[in-house]
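Listed here are the chains, written in short residue letters.
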Amino acid sequence: MGGKLTDTKHTLIALVEDKPGVLNRIASLFRRRAFNIQSLAVGGSEQPGLSRMTIVTGGDAAQVEQVRKQLEKLINVVKVSDITEEDMVTRELALIKVKATASTRSEIIQIVDIFRANIVDVAPGSLTVEVTGDENKLNSLLGLLRDFGIKELSRTGRIALTRGGSP
Amino acid sequence: MKKTGAQILCESLIKEGVEVVFGIIGGAVLPIYDTFPQYPQLRHILVRHEQGAAHAADGYARVTHRAGVCLATSGPGATNLVTGIACAYMDSAPMVAITGQVARPFIGKDAFQETDITGITLPITKHNYIVTDVTELAKTVKEAFHIAQTGRPGPVLIDIPRDVQQEQTDFVYPDKLDLLSYKVVSRGHPVQIKKAAKLINEAEQPVIIAGRGIIISQAYDELKEFAEKAQLPVAHTLLGLSSFPGNHILDLGMLGMHGTGCANMAVQEADLIIAIGMRFDDRATANTREFAPHARIIHIDIDPAEIGKNVPTEVPVVGDVKSVLTAMNKEIERREHVDWLSQIEQWRYEHPSLEIRQSDELLPQYIVHQIYEATQGDALVVSGVGQNQMWAARYFVYTKPNSFISGGGLGPMGFELPAAMGVKVGRPEEVVWCVAGDGGFQMTIQELATLTQENIAVKIAIMNNGYLGMVRQWQELFYGRRYVDTKLWNPDFVKVAEAYDIPGIRVKRREEVIPAIQKAMEYPGAFLIDFLIEPEENIYPIVPPGESLARFFEPSRPEVLEGKI
């Protein structure tokens, strides 16, 4: 999403107040300071009134530390952790609408089964696949389905938590 | 008893100790203005342009250490504040900007004088609010003042729709804040302080770079003790001027693009930089890759995001400057640094900072220095931006704490007059000199009317060279003397002042300078002096863009007139 893709990917987790305009403040800060966002996912957290954001950004360690500190300065941001080096669980969900004909349908279903993905919609000319996993798994499945023709694709971006104790 | 939003706003301002509001009335703030007569303890100063309100609030804030308050209507009123808010943000000045907004049912409908001012000011405020429920208003004002005035100060904007100003609710001013995520670190970490002290105790060629953080924290005495105890010479950023006595033997003056040769040489040769309440601005560091190449760096700042932002730091100490220096003063040892200080005296001798070249023309350096002589430094100097700013920074000796006020980070021409107005209102007992350029002065010249209407006795010195001088200097030095669009036709400033009922005189010759300054000082009200200075006078030294601090350019020495050191 804009910016150049450089250096390593960093995963930041931000706990933010669930108030109007907070997403805008965060996105605006990335733009203004010329940091890039590769993906951003946001939703409720375990604490009422707080949302958890997972932001994947690129850059060297100093740049990402600068992003983290600038984010923490925002009044509505409670805490930001760079969990890249931590032991973490990451997941992404994708919905993939793939072209399917009578002759390709069963082959697609086989691939979907191998990836433990689900068919969530069946139409005369297409199948819609729901897949959850890390980015590598999603990319591999997409690579295989691309040969059949992908009509539409929607990915959520990465969400992440550290394993075990709290970050 | 129920109160309207407008009443709640006024009472909340009073609870916060606000005495002065700079603003302009308009449609979306009518309910607020309509309640002002009920609160005579709030002085409203009617400016002539909202930019003036914001700069005045900024100037007021810088000299009172309390949030300056400005007030504007929706749409154009709000957008006119933007330059002043951005300036306060860059220079970490506490400000609460209040704007009217169209009534809630009109928001998002592109109504008359509707502007998304919270969206516009997002990147130039420490925080901002739109109050959509009158029951939230008192709490919002309390939060706004707290955020503006604590930690690294900055502007906070509160946008209040017109119907919220009219809506009624019970007024209860909250005792406590409910700011989950806003925490201010004040004390530095003891381990970091010990580490820093160790480096200071071991250093042979240390230099302090003193920034505006010292002034914000009012740590003048602590800095003086710190510098004197370990014999640490002090260079200043532009906004760090007046944080340490300019006539002190350890004072090196300003560093940077137009810094003194002595300060720049000392920083480049230092083995330890102790950066205090400053942010390594490019005008101070010049080329950061070649900045202080032999130095380890200690950086003391209240804002953790400043650490390592522009220059890598070896020992960061995050905390309030006053508290950190107090702790540090217990850890550092007495040192003498005889060789280092004698080397510095050598640089001071080779690059005298106050020398003024021989000329038959009227030189701005001489004028600024004469203002210093006339006031003996007991004045607050407010500068514009450009050459006038650099002359004001370099040729006045700042011995009084917090006596130099300038739009350093944003560099807004037109800052000088309204900011000086705010400074004088905040510190009426002080003599306030506004050092203006002829270009910048015309950007906010309308505030002369405010001076007269509100009886604000600012002394104005225009350094009139008939050019946008700093840009002309760059054209001369870096663009082959091609003076494109920098020559100015100017009005007769003395006549302009007269039209605003402000007396003024024009000064063309050197011998008229001192009597003119005396006359301005003796006059009880605002006074304007139009100094017709040498049109192509430059500010030196200059570090050309992209060069290191050590590679400053200064004119050759023989033509020195007053070799003051």
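Keep in mind that what you see is a predicted model, and the values were worked out from it rather than measured. (Residues numbered from 1 in each chain as written. Chains lettered and ligands numbered in written order. Predicted model: local features only at pLDDT ≥ 70, side-chain atom pairs only at ≥ 80, totals over all residues. Heavy atoms only, no water.)

Chemist: Now, about the overall build of chain B: what can you tell me, with residues and values included?
Modeler: A count of helices and strands for chain B gives 23 helices and 22 strands. Radius of gyration (C-alpha) of chain B: 24 Å, near the 24 Å computed for a compact globule of 565 residues. Overall, the C-alpha framework of chain B stretches about 70 × 60 × 40 Å when taken along its three principal axes. Residue burial in chain B is summarised as follows: out of 565 residues, 62% are buried. Pairs at least 24 apart in sequence give 76% of the contacts found in chain B among residues at least 6 apart. Side chains of chain B give 52 positive and 69 negative charges; the mean places of these two sets differ by 2 Å. (Helix = DSSP H or I, 4+ residues; strand = E, 2+ residues; numbered from the N terminus. Rg over C-alpha atoms; globule rule 2.2 N^0.38 Å. Buried < 20%, exposed > 50% of the residue type's maximum accessible area, 1.4 Å probe, protein only. Contact = heavy atoms within 4.5 Å. Lys, Arg positive; Asp, Glu negative; His and termini not counted. Charge placed at Lys NZ, Arg CZ, Asp CG, Glu CD.)

Chemist: If you had to explain the overall build of chain A to someone new, which residues and values would you point to?
Modeler: What chain A contains, in helices and strands, is four helices and nine strands. Summarising its shape, the C-alpha atoms of chain A cover approximately 55 × 35 × 30 Å along the three principal directions. Of all 167 residues assigned to chain A, the portion counted as buried reaches 45%. Once local pairs closer than 6 in sequence are excluded, the contacts in chain A between residues at least 24 apart make up 72%. Put simply, chain A shows about 8,900 Å² of open surface, and 51% of that area lies on carbon and sulfur atoms. If you average the places of the 23 positive and of the 20 negative side-chain charges in chain A, the two averages end up 5 Å apart. (Areas by Shrake-Rupley, 256 points an atom, 1.4 Å probe, with all protein chains shown as cover.)

Chemist: Mind laying out a nonpolar patch on the surface, listing which residues take part and the relevant values?
Modeler: A contiguous nonpolar patch, built from Leu-93, Leu-95 and Val-120 of chain A and spanning about 210 Å² of accessible area, is present on the exposed surface. If you trace the backbone, Leu-93 of chain A turns up in strand S5 (residues 88-99). (Patch = residues over 30% accessible without salt bridge, like charges linked within 9 Å, V, L, I, M, F, W, Y side chains within 5 Å. Salt bridge = Lys/Arg side-chain N within 4 Å of Asp/Glu carboxyl O.)

Chemist: Describe the pattern of salt bridges, listing the residues and the values that go with them.
Modeler: In total, this model carries 45 salt bridges over all chains according to the counting rule given. Arg-163 of chain A serves as the salt-bridge partner of Asp-87 of chain A, at 3.3 Å between the closest nitrogen and oxygen. Of this pair, Asp-87 of chain A sits in the loop between strand S4 (77-82) and S5 while Arg-163 of chain A sits in the segment after strand S9 (159-162), placing them 76 residues apart in sequence. Between Arg-357 of chain B and Glu-537 of chain B there is a salt bridge; the shortest N-O distance is 2.5 Å. Taken together, the residues span a long stretch of sequence, with Arg-357 of chain B in strand S15 (residues 356-357) and Glu-537 of chain B in the loop between strand S21 (527-532) and strand S22 (560-562) at a distance of 180 residues. Residue Glu-537 of chain B is classed as buried on the basis of its relative accessible area, which comes to 4%. Connected through salt bridges with shared partners, the residues Lys-73 of chain A together with Arg-152, Asp-303, Glu-306 and Lys-309 of chain B form a single ionic network.

Chemist: So what's going on with the interface of chain B and chain A? Which residues, and what values?
Modeler: Facing 17 residues of chain B, the contacting portion of chain A comprises 15 residues. In this assembly, chain B packs against chain A so that about 1,400 Å² is buried in total across both faces, 53% of it on carbon and sulfur atoms. Looking only at chain B, the three residues that lose the most surface to chain A are Leu-122, His-127 and Ser-181 of chain B, adding up to 35% of its buried area. For the salt bridge of Asp-303 of chain B with Lys-73 of chain A, the shortest nitrogen-to-oxygen distance reads 2.5 Å. Linking chain B to chain A there are seven residue pairs in polar contact (both at pLDDT 80 or more). Partitioned by chemical class, the residues of the side of chain B that touches chain A number 10 nonpolar, three polar and four charged. (Buried area = accessible area lost by both parts, 1.4 Å probe. Polar contact = N/O pair within 3.5 Å; in protein donor to acceptor, adjacent residues only side chain to side chain. Nonpolar A, V, L, I, M, F, W, Y, C, P; charged D, E, K, R; others polar.)

Chemist: Run through the packing of aromatic side chains, naming residues and quoting values.
Modeler: Residue and element names in this part refer to chain B. On inspection of all chains with the given rule, the structure shows 14 aromatic pairs over all chains. Between Trp-340 and Trp-347, the ring centres sit 5.7 Å apart and the planes meet at 85 degrees, which makes this aromatic pair edge-to-face. Residue classification places Trp-347 among the buried positions, given a relative accessible area of 7%. An angle of 55 degrees between the planes, with centres 5.9 Å apart, marks the rings of Tyr-523 and Phe-527 as tilted. Residue class for Tyr-523 comes out partly exposed when judged on its relative accessible area of 36%. Residue Phe-527 is classed as buried on the basis of its relative accessible area of 3%. Feature note: the residues Tyr-372, Phe-396, Tyr-398 and Phe-404 constitute an aromatic cluster, connected by ring pairs. The lysine or arginine in question, Arg-510, covers the ring of Tyr-366, its NZ or CZ lying 4.1 Å from the ring centre. (Phe/Tyr/Trp six-rings, centres within 6.5 Å; stacked < 30°, edge-to-face > 60°. Lys NZ or Arg CZ within 6 Å of the ring centre and 35° of its normal.)

Chemist: I'd love a proper account of the domain arrangement of chain B, names of residues and values included.
Modeler: By a widespread convention, an interface's size corresponds to the accessible area lost as its parts come together. Residue and element names in this part refer to chain B. Each assigned domain of chain B is listed with its residue range as follows: domain 1 (2-170), domain 2 (190-350) and domain 3 (356-540). Measuring from the centre of the C-alpha atoms in domain 1 to the corresponding centre in domain 2 gives 37 Å. Counting residues at the interface gives nine residues for domain 1 and 10 residues for domain 2. The contact between domain 1 and domain 2 buries some 810 Å² in all, and 51% of this surface belongs to carbon and sulfur atoms. For the pair domain 1 and domain 2, the interface holds two salt bridges. A salt bridge links Glu-306 to Arg-152; the nearest nitrogen and oxygen atoms lie 2.8 Å apart. (Domains from an automatic or database assignment.)

Chemist: Please set out the sheet that holds strand S1 (residues 8-17) of chain A residue by residue, giving values where relevant.
Modeler: Residue and element names in this part refer to chain A. Spatial ordering of the open sheet is given by S2-S3-S1-S4, a layout of four strands whose pairing is antiparallel. Here the strands that pair on one side only, and so sit at the sheet edges, are strand S2 (39-44) and S4. Across this sheet, the average inter-strand angle for adjacent strands is 20 degrees, counted without regard to direction. Relative to strand S3 (residues 50-59), S2 runs antiparallel, the two being bridged by six bridges. Counterpart to Gly-43 in the pairing with S3 is Arg-52. Contacts from helix H1 (residues 22-32) reach S1, S2, S3 and S4, with the element oriented near 15 degrees to S3. (Pairing = 2+ DSSP bridges. Axes fitted to C-alpha atoms, helices over the stretch in contact; angles between N-to-C directions.)

Chemist: Quick rundown of helix H5 (residues 82-90) of chain B? Include the residues and the values.
Modeler: Residues separated by three or four positions in an α-helix point in the same direction, a consequence of the helix having 3.6 residues per turn. Among all positions of H5 of chain B, only Gly-84, Ile-85, Ala-86, Cys-87 and Ala-88 of chain B are buried. Ser-92 of chain B, located one to two residues past H5 of chain B, shows a positive phi value of around 55 degrees.

Chemist: Can you explain the domain arrangement of chain A? Please cite residues and give values.
Modeler: All names here are of chain A. Under the domain assignment, chain A is made up of domain 1 (8-82) and domain 2 (89-162). Here domain 1 and domain 2 have C-alpha centroids that lie 28 Å from each other. Counting from both sides, the interface comprises nine residues of domain 1 and, opposite them, seven residues of domain 2. Considering only the surface of domain 1 that becomes buried against domain 2, Thr-11, Ala-41 and Thr-54 emerge as the three largest contributors, covering 47% of it. At the junction of domain 1 with domain 2, the criterion picks out one salt bridge. The residue Glu-135 makes a salt bridge to Lys-9 at a minimum N-O spacing of 3.7 Å. Viewed at the interface, domain 2 and domain 1 are joined by two residue pairs in polar contact (both at pLDDT 80 or more). Looking at the side of domain 1 that touches domain 2 residue by residue, the class counts come to four nonpolar, three polar and two charged.

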